[in-house]
Structure formats: structure tokens, C-alpha cells
Amino acid sequence: MKLNAQSRIGVIGAGAMGSGIAQVAATAGHEVCLFDLSQESLGKSKAALVKVMTRLTEKGRVTDDEAVAIQSRIQYAENLSHFDNCDFVIEAVVENLKVKKELFFSLEKIIANDAVFASNTSSLSIASIGGELSNPERVIGVHFFNPAPLMPLVEVVPSLVTSNEVTSQVFDLIKSWGKKVVLAKDTPGFIVNRVARPFYSEAIKMLEEGFADIPTIDWAMRELGGFRMGPFQLMDLIGHDVNYVVTETVWTEMYFDPRYKPSITQKRLKEANWFGRKSGKGFYDYSEGASQKEASTDKVKGKVILERILFMLINEAIDAKFLGVASVEDIETAMTKGVNYPKGLIAWGKELGYDKVLIGLNYWFERYGDDRYRPSVLLKDWVQDNK
Ligand SMILES: NC(=O)c1ccc[n+]([C@@H]2O[C@H](COP(=O)([O-])OP(=O)(O)OC[C@H]3O[C@@H](n4cnc5c(N)ncnc54)[C@H](O)[C@@H]3O)[C@@H](O)[C@H]2O)c1
């Protein structure tokens, strides 16, 4: 089976991600079959697409005819039997290994032997999802970012057993949907969710230590670093239920490497249901009329805040290259297109001087005696080689 513009796409799970992925595929001209166990989710997904299309036609981004065609290409299926003629099925159901595995076991009995299965999982290994199927070589990860129609990045993640043919076909197909596609090794957090960890955890650490308050850390990262949002604003937007679980999963899956250790502060927010924007309270208070503390705009302190987070990020990016998670080019693309970082981290490190980054990390490593500041071997090599 060769995946192409005529391939029929199946999407399972009509929540935030599945609905977005179905829209992307239908916009690219594919017939799409969308299924969800919950009729309510399917109904909401259909209604949301109507709203999106109305907005896009009002803005002149699509014509009325295109909007009608996109919507008519999505079939809202009542059960999985409608997937029998799908060539490429992407699951975006709950992040639960048992549910995803059972789903693929059921699908195996329905769809053609050469159809491709993909998972949009953020944190489970692709090997664990596909390993026990009869044809694990046709199972692959395709990690879209939220909202899928707007975020350009997709991480394509072959497992140990995924065939090269499947990888290259999926890569080309998703590229043809207008996405920036990068190839990531089947390792915890893939590229973005691994490399970005210090953006959140180091910010919380500085807060816990009383080094700076929330608005000041956010200010430093925005104003001095050029990040679109500060770490606390971003965590509140993502939601602490989601962001904390990603951190905890990456940490556990990395055999408790201290570099990825989650924070008790964020765990407490999650436990208290202070998820951030969606619950009205997180690090910030979103209730009407709530007063917000002003940032102190001390540039000297701001520079320390920026460097502490940025050096950790640069170290993660270099270590991801060192451990073969992805190529330098793909790591740079992933962080600029997946989380909108102002520059590629590896290029940013070069601009600042890798020696300076190493000195900073060694200083904190000494000061804290904590392995989280452990510099990557590749960073040390680059400094030694004057790169
Ligand atoms: N939300 C994000 O930012 C994001 C980003 C990238 C990847 N992901 C991943 O995408 C997947 C879906 O996330 P989401 O945020 O869209 O979740 P969601 O809760 O919005 O949607 C999940 C949907 O799956 C449906 N569902 C559950 N079990 C099912 C089953 N067995 N068969 C069919 N439908 C089933 C639910 O009814 C629900 O509508 C997860 O694996 C998540 O880790 C999420």
C-alpha cells in the first residue's frame, strides 16, 4: 500500500487532537472517517468544525465551497467497522496504554493487512503500543501539537520494529499536509516534551527557592529571552493536569534521572485542581478583577533567570543530539515550530558560547550537588574542540 493524496484516513478519538487531525486531513483533500466511543464527543467535534469553517470563510482563508467540501469529507462513524477501507488510521484516544492497545487489537481484525496504524500519544512508547500486534512494523507515532490545524510541527516516531517503508510513507504524507515533519527516536518525550522540561522545572525551582517570583520569572523569559510566554503563563495555559503528568512520565520513563525530576509545587496545584486557565486558577488567578503582582524588572536578576533556564535547555538539546534522539536540524525545527522558541537552542548555544553554557552548568552542579545540572558529554566535547 502506498499512502498518497487519495488515501482514506481514519481518526479515532474526536477530542481536541482527533478533531484537529481530522480537519487537517480533510483540508488536505482526504476522505476521513472519524470515530469516538462517546456520541457527545462526536457531536461536539462536528459542531466545532462548523464554527471553525465559518470563521475561516469570514476571514477569507477558505471559500464557501471549500468549507462545504472539507466538512463533507469527514464521515462521523458509529463504530469501527466503517474503518475497513481506511489506509492510514491515527488514534487520538485517552492517554492510556491498555485502551490504545485494545483499540489496535480490534482494528487489526477490521482493516487491510497493509494499512498503517499511527498513535498520537505524547508519552507512551510506540513499541509498547504496537509491539504485540501481528504486524508491529506498520505501527508508528505521529505526534501532532495542539491545536493540530494551527501548529506546524509533527514528530514522526518509528518504533524499533516499524519498517523504513512505513516511516518514509508517513513522513511524506504528513509533509504533503503542509506540516513541518521531524523524525524522533522512540524515547520518552520524543524531542519537544523532553528538551522543553527545564523551561518549566527550572522556573519552578527558582520560585521554590525564593530567588524570584512568578511575574518576574515570566517577565525575564519574555522580555530578555524573547519567548512568547513565560513558563508560568505557559504551564497555566497547558494545564497542570497535563503538564505535570508529562514531566512525571518523562522522569519515570528515564529511570528517575534527576534532570527530569518533577516539582512538588506543581503536583500540589494539580492535586488542588488548580489546573490554570481552564479551572480559573493556577500560578495566576484568572477570576474577574483579580489583582496581579507586578514583575520586578531588575535586568541583572532577569539575566540570571534567563541564563539558568536557557543553559539547561541548550544542554538538553545538545544531549538529545548526543543520544541520537534526532538530528540537530530536527531538534532546532522541533523547538521553534512545536513550542515557538525564538531561536533553535543549539544555534543559540553557539551564539552565547558553548564554553559559557558549560561554565554555568558546572557552577550550578557544584553549588547544588544535583545531577540535574550534569552537562552533556557532547557539550564538553564541543567546548574542548572549540566548536
Ligand atoms: N491535548 C494535547 O495538547 C495533546 C497534544 C499532543 C498529543 N496528545 C495526545 O493525543 C491523545 C488525545 O488527547 P486529547 O487531548 O485529544 O484528549 P481528549 O480527552 O480531548 O479526547 C480523547 C477522546 O477519545 C475518546 N475515547 C476514549 N477512549 C476511546 C476508545 N477506546 N475509542 C474511541 N474513542 C475513545 C474520548 O471519548 C474523547 O473524546 C492522547 O494520547 C494525548 O496524549 C494530546
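Residues numbered from 1 in each chain as written. Predicted model: local features only at pLDDT ≥ 70, side-chain atom pairs only at ≥ 80, totals over all residues.

**Q** Looking at this structure, I do not really get the overall build of the protein chain. What am I missing?
**A** From N to C terminus, the protein chain includes 17 helices and eight strands. Since a compact globule built from 387 residues should have a radius of gyration of about 21 Å, the 22 Å found for the protein chain is in line with a globular shape. Considering only C-alpha atoms, the protein chain reaches an extent of 60 × 50 × 40 Å along its principal axes. In the protein chain, which comprises 387 residues, the share counted as buried stands at 47%. Counting contacts in the protein chain only where the partners sit at least 6 residues apart, residues at least 24 apart contribute 68% of the total. (Helix = DSSP H or I, 4+ residues; strand = E, 2+ residues; numbered from the N terminus. Rg over C-alpha atoms; globule rule 2.2 N^0.38 Å. Buried ≥ 20, exposed ≤ 12 C-beta atoms within 10 Å, placed from the backbone. Contact = placed C-beta atoms within 7 Å.)

**Q** Where do I start with the site of the ligand in this structure?
**A** By nearness alone, 24 residues border the ligand, and Gly-13, Gly-15, Met-17, Ser-41 and Asn-146 come closest of all. With three residues, helix H1 (residues 16-27) is the largest single contributor of residues to the shell around the ligand. Looking at the shell around the ligand, its residues break down into 13 nonpolar, nine polar and two charged. (Near = placed C-beta within 6 Å. Nonpolar A, V, L, I, M, F, W, Y, C, P; charged D, E, K, R; others polar.)

**Q** Sorry, what's going on with the sheet that holds strand S1 (residues 9-12) here?
**A** One key point about sheets: their strands pair by backbone hydrogen bonds, in either a parallel or an antiparallel sense. A sheet is described by the order of its strands in space; here eight strands give the open sequence S3-S2-S1-S4-S5-S6-S7-S8, paired in mixed fashion. Strands at the two margins of the open sheet, each flanked by one partner only, are strand S3 (74-77) and strand S8 (180-183). Averaged over all pairs of adjacent strands, the angle between their axes in this sheet comes to 25 degrees, without regard to strand direction. Here three bridges tie strand S5 (residues 116-119) to strand S6 (residues 139-144), and the two strands are oriented parallel to one another. Note that in S6 the partner of Ser-119 across the bridge is Gly-141. This element, helix H14 (residues 328-338), spans strand S7 (153-158) and S8 of the sheet and lies at about 135 degrees to S8. (Pairing = 2+ DSSP bridges. Axes fitted to C-alpha atoms, helices over the stretch in contact; angles between N-to-C directions.)

**Q** Even after reading the chapter, I still don't get the pairing of S1, so can you show me in this structure?
**A** Burial of S1 is two-sided: the residues Ile-9 and Val-11 facing one way and the residues Gly-10 and Ile-12 facing the other way are all buried. Taken together, S1, H1 and strand S2 (residues 32-35) constitute a β-α-β crossover, and its handedness is right-handed. Sheet topology places S1 next to strand S4 (residues 88-91); four bridges connect them, and they run parallel. Along S4, the bridge assignment pairs Ile-9 with Phe-88. (Right-handed = clockwise from strand over helix to strand, strands pointing away.)

**Q** Honestly, helix H4 (residues 97-108) in this entry has me stumped. Any pointers?
**A** Since the α-helix advances by 3.6 residues per turn, residues separated by three or four positions end up pointing in the same direction. The end-to-end C-alpha distance of H4 is 16 Å, a good match for the 16 Å that twelve residues give at a rise of 1.5 Å each. Looking only at H4, the buried set comprises Lys-100, Leu-103, Phe-104 and Leu-107. The arc enclosing the buried residues of H4, seen along the axis, measures out at 95 degrees, which places them on a common side. Turned more than 90 degrees off the buried face of H4, the exposed positions are Lys-98, Glu-102 and Phe-105. In this structure, the buried side of H4 is in contact with S1, S4, S5 and helix H5 (126-130). (Expected span 1.5 Å × (residues − 1). Arc of directions from axis to C-beta.)

**Q** Could you clarify how one ought to interpret the domain arrangement of the protein chain in this entry?
**A** By a widely used convention, the size of an interface equals the accessible area lost when the partners come together. Per the domain assignment, the segments of the protein chain are domain 1 (9-183) and domain 2 (193-382). Look at where the C-alpha atoms of domain 1 and domain 2 centre, and you get two points 30 Å apart. Listed per partner, the contact involves nine residues of domain 1 and nine residues of domain 2. Per-element accounting of the side of domain 1 that touches domain 2 gives the leading share, three residues, to S8. (Domains from an automatic or database assignment.)

**Q** Could you clarify how one ought to interpret unusual backbone geometry in this entry?
**A** Most peptide bonds are trans, and most residues other than glycine sit at a negative phi. The residue after Asn-146, namely Pro-147, is reached through a cis peptide bond having omega 0 degrees. The phi angle at Phe-190 is positive, at roughly 50 degrees, despite the residue not being glycine. Within the secondary structure layout, Phe-190 lies in the loop between S8 and helix H7 (192-195). Positive phi, close to 60 degrees, is recorded for Asn-340, a residue that is not glycine. Along the chain, Asn-340 turns up in the loop between H14 and helix H15 (345-352).

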